[in-house]
Amino acid sequence: MNRSLCNSESKLTSYLGIGNAEVSDNLLVLLKSTCGSYQSSVKKFIELLKYIRNNNIHTKSFNELVALHELVAPHDCAVVSMLSIHFNLAIGTIANLGSQTPYVEALYQKLCSGRAIGVYLATELAHGNDLISIETQANYLPEKGVFMLNSPSQNAYKFMPNTTPCELPKIAVILAQLNVSGKKYGIFPFILPLSVNGKLTLGVKITPLGDKPGFYLDNAITSFDNVEIPFEGLLAGNMITLTRDGKISLHTKKLRERFSLITNRVHSGKLCMAMSSVTAAKSALHITNAYGNKRQTFGYSGAMPIINYFHLKEGIAWDTLSTITHALYLRELTRKVSIILSESVKNFKFSDELLIEITTTKSLCTWRTQEILINCRERCGAQGLFTINKISNYLISNFGAITSEGDNFVLSLKAGGTIILNKMKKIHKKTSFQYDLFPILNDYMNFLYKKINRLIVNNNKKINLDTLNKHSENFLELSQTYAILSVVTTIIDAYHNDDDVNMIIEGYLLDWIHRTMSNLLRSEVINLQESQKIDERRIEYIRKHADRINDYIASFGVDKIGIETPISSNDYISWYANNHHQLKNN
């Protein structure tokens, strides 16, 4: 799906398109179909699985999978969520930890061929961000050679996977506490078909939760009452060896190491969420920019498009600049993760440094996209509220991205703590003149790093809940600044000979320094005179480059992937009028 992303001599425009520039008419028709209920969203996803199977679209490469997310995201947020759960969480976990037994292989092939839908049952009514504490129990019974799966209380009900029955069977990867001979071994994934021949597996109870407005996913509450999982259903990789008579050998000794191996596809899912989020921003900016150039207002010189107001034009430019930067960075980070995953198919675990980069990236991109989407909605006036103009749906979808695969706020606090404990300081870079801004944020990062270190030294070098609560602003700032520096350093390395990219990075740094200005002054990283010069430079920069930046919106290729809204049509007045005429006749 993706083009080569590493040719630094190419023009910036060649890096910005959504998914694959070549999209078949049949796929466009499928993606553009609208859904008004979770039943219609599921049917659309099933048709997408058929299309993927019939057209031999490669999804085992993580790079290709993310590109598929990117292609679907602007059209349907619920379908892209199903896509991520099916391919990344369910299939990805089985590929990483499943043994090649006939039982596992049969279910795995059903999922890979699109003849079943993969679902991932992790979070529970009482356990979200604390997955390691889930209460679902899987007790091994050697006399029967099965695991007995139970939800011991309401706290353990799986909330809220997309398990509602549909025309295709659903195969679940279920996280549960493994117990053997009365001893607890922590959580492990198990694979189980939730239904057989159209009937729910004995002991499985599923209660649909109904629709969320604008986000039609078939969420449900799922519980288990003495559900039997075959011996082969444990997905343990090389972490343990369990014999049929109940003897167990533990190869990965530490509980948290096993937890990291088990949940690695949750972390790659953060990249899927980030890319889907940034792609929604691309589409919303395309729609808003088109509206701004067509919508007329009355100015001092007569009728003119509202984009002529600097506040609107420059606001779109700042948002576009962030979106371009995050899109470039996500392509590079996705490529890096894809290479690592392809080299280590079995028992893969992310390094702490890469995990922090992914975690902080997801928070940075989805939070910034949320701001962009709110801005776009307001710039489009009342028309921006209509579902048919998509921006409101993008907002709802991004709410989901912010809390999916881990809540941004909690992840960012934990990431800040890990940066300190692992001594993950950024490297000073020698950069060209326009990156004289880089040392400012680098110095701020070092300031935060030293400040928090002093705090934890006074607390016996421990970071506990009390420390995080008292100094949450510092931990969050550290996490976000780390992410921004990761973005900039990655893009400098990948695109250092591209003048257009250099211009974009200069603006990106100016924007984040402006956003962080009060903290920079309080921390004495810069003084008042320096801050005034930066603000003047920022104003001069956007006045000079706003039109050029907004021209890049055309390179997103939103129209090529079939995004059509009344507000962004060539003549939106005619669109509404024609639609009114058709409805009247009907």
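Since the structure is predicted, the reported quantities are computational estimates derived from the model, not experimental observations.

### Looking at the sheet that holds strand S10 (residues 220-224)
Here's step 1: One open sheet holds the 3 strands; their spatial order is S4-S10-S9, and the pairing between them is antiparallel. The open sheet terminates on both sides in strands that have one partner only, identified here as strand S4 (158-159) and strand S9 (204-208).
Here's step 2: Bridge count between S9 and S10: 5 bridges; the pairing is antiparallel. Note that in S10 the partner of Pro208 across the bridge is Ala220.

### Examining the pairing of strand S2 (residues 137-141)
Here's step 1: Pairing of S2 with strand S3 (residues 146-150) involves 5 bridges; the strand directions are antiparallel. Considered in S3, the bridge of Leu141 is made with Val146.
Here's step 2: Here S2 folds back onto S3, and the loop between the two strands holds 4 residues, one of which, Gly145, carries a positive phi near 70 degrees.
Here's step 3: Taken together, the 4 bridges between S2 and strand S5 (residues 170-180) define a ladder with parallel strand orientation. The residue of S5 that forms the bridge with Asn139 is Asn179.

### Regarding the packing of helix H15 (residues 499-515) against helix H17 (residues 528-551)
Here's step 1: Orientation of H15 relative to H17, taken along the N-to-C sense of each, is 135 degrees, at an axis distance of 10 Å. When the axes of H15 and H17 are compared, the pair comes out oblique. The handedness of the crossing between H15 and H17 is left-handed. Seen from H15, the contacting residues are Asp500, Met503, Ile504, Glu506, Gly507, Leu510, Asp511, Ile513 and His514; seen from H17, they are Ile534, Asp535, Arg537, Arg538, Tyr541, His545, Arg548 and Ile549.

### Things to note about helix H3 (residues 62-72)
One full turn of an α-helix is made of 3.6 residues, so residues set three or four places apart face in the same direction.
Here's step 1: Counting buried positions along H3 yields 11 of 11 residues, so the element is predominantly enclosed.
Here's step 2: When we look at burial in H3, the residues that qualify are Phe62, Asn63, Glu64, Leu65, Val66, Ala67, Leu68, His69, Glu70, Leu71 and Val72.
Here's step 3: Buried residues in H3 make contact with helix H1 (25-32), helix H2 (38-54), helix H4 (77-97), helix H7 (264-294) and helix H8 (310-343).

### Side note on the side chain of Lys390
Here's step 1: The residue Lys390 is located in the loop between helix H9 (352-379) and helix H10 (391-403) in this model.
Here's step 2: No salt bridge is formed by the buried Lys390. Its closest oppositely charged neighbour is Asp76, at 8.0 Å.
Here's step 3: Setting aside residues up to four positions removed in sequence, Lys390 forms contacts with Pro74, His75, Ile287, Ile563, Glu564 and Thr565.

### Some details on the packing of aromatic side chains
Here's step 1: The final tally for this structure, using the stated rule, is 7 aromatic pairs.
Here's step 2: Between Trp318 and Tyr541, the aromatic rings sit 5.9 Å apart at their centres with planes inclined by 25 degrees, giving stacked as the arrangement. One end of the pair, Trp318, is in helix H8; the other, Tyr541, is in helix H17, and 223 residues separate them in sequence. No difference in accessibility class separates Trp318 from Tyr541, as the two residues are buried.
Here's step 3: Centre to centre, the rings of Tyr444 and Phe447 are 6.4 Å apart; their planes meet at 10 degrees, and the pair counts as stacked. With a gap of 3 residues between them, Tyr444 and Phe447 both fall in helix H12 (residues 438-457), about one helical turn apart.
Here's step 4: Classification of Tyr444 as buried rests on a relative accessible area of 3%.

### A closer look at the confidence of the model for the protein
Here's step 1: Of the residues in the protein, 92% have a pLDDT of 70 or more, and the chain-wide mean is 90.
Here's step 2: The low-confidence segment residues 1-10 (pLDDT under 50) makes 34 contacts with residues lying over four places distant or belonging to another chain.

### Thoughts on the pattern of salt bridges
Here's step 1: A full pass over the atoms with the stated rule returns 24 salt bridges.
Here's step 2: In this structure, the salt-bridge partner of Glu371 is Arg368, at a minimum N-O distance of 3.6 Å. Of this pair, Glu371 and Arg368 both sit in helix H9, separated by 3 residues, roughly a single helical turn.
Here's step 3: Each of Asp319, Arg368, Glu371, Arg379, Asp511, Arg515 and Arg538 takes part in a single network of salt bridges with overlapping partners.

### Quick word on the domain arrangement of the protein
Here's step 1: Taken domain by domain, the protein comprises domain 1 (14-93), domain 2 (118-253) and domain 3 (261-425 + 432-566).
Here's step 2: Just the C-alpha atoms count here: the centres of domain 2 and domain 3 sit 36 Å apart.
Here's step 3: On the domain 3 side, the residues contacting the 13 residues of domain 2 number 11 residues.
Here's step 4: Regarding the contact of domain 2 and domain 3, the summed buried area is about 960 Å², with carbon and sulfur atoms giving 65% of it.
Here's step 5: In terms of surface lost to domain 3, no three residues of domain 2 exceed Asn129, Phe215 and Met239, which account for 42% of the buried area on that side.
Here's step 6: Remark: the boundary between domain 2 and domain 3 carries 0 salt bridges.
Here's step 7: Where domain 2 meets domain 3, there are 1 residue pair in polar contact (both at pLDDT 80 or more).

### Observations concerning helix H5 (residues 102-112)
Here's step 1: Along H5, the residues that are buried comprise Val104, Leu107, Tyr108 and Leu111. All buried residues of H5 project into a common sector of 100 degrees when viewed along the axis, lining one side.
Here's step 2: Looking at the buried side of H5, the elements it contacts are H4, strand S1 (117-121), S5 and strand S6 (183-193).
Here's step 3: Positive phi appears at Gly114, one or two residues downstream of H5, with a value of about 75 degrees.

### Some thoughts on the pairing of S6
Here's step 1: Across the 11 residues of S6, 9 count as buried, placing the element largely inside the fold.
Here's step 2: For S5 and S6, the ladder comprises 9 bridges, and the chain directions are antiparallel. Pairing of Gln177 across the sheet is with Ile187, part of S6.
Here's step 3: Counting the residues between successive antiparallel strands, the hairpin from S5 to S6 contains 2 residues, one of them, Ser181, with a positive phi of roughly 55 degrees.

Definitions and limits used
- Residues numbered from 1 in each chain as written.
- Predicted model: local features only at pLDDT ≥ 70, side-chain atom pairs only at ≥ 80, totals over all residues.
- Heavy atoms only, no water.
- Pairing = 2+ DSSP bridges.
- Helix = DSSP H or I, 4+ residues; strand = E, 2+ residues; numbered from the N terminus.
- Axes fitted to C-alpha atoms, helices over the stretch in contact; angles between N-to-C directions.
- Parallel < 35°, antiparallel > 145°, perpendicular 65-115°, else oblique.
- Left-handed = near helix turned anticlockwise from the far one by under 90°.
- Contact = heavy atoms within 4.5 Å.
- Buried < 20%, exposed > 50% of the residue type's maximum accessible area, 1.4 Å probe, protein only.
- Lys, Arg positive; Asp, Glu negative; His and termini not counted.
- Salt bridge = Lys/Arg side-chain N within 4 Å of Asp/Glu carboxyl O.
- Phe/Tyr/Trp six-rings, centres within 6.5 Å; stacked < 30°, edge-to-face > 60°.
- pLDDT = per-residue confidence, 0-100.
- Domains from an automatic or database assignment.
- Buried area = accessible area lost by both parts, 1.4 Å probe.
- Polar contact = N/O pair within 3.5 Å; in protein donor to acceptor, adjacent residues only side chain to side chain.
- Arc of directions from axis to C-beta.

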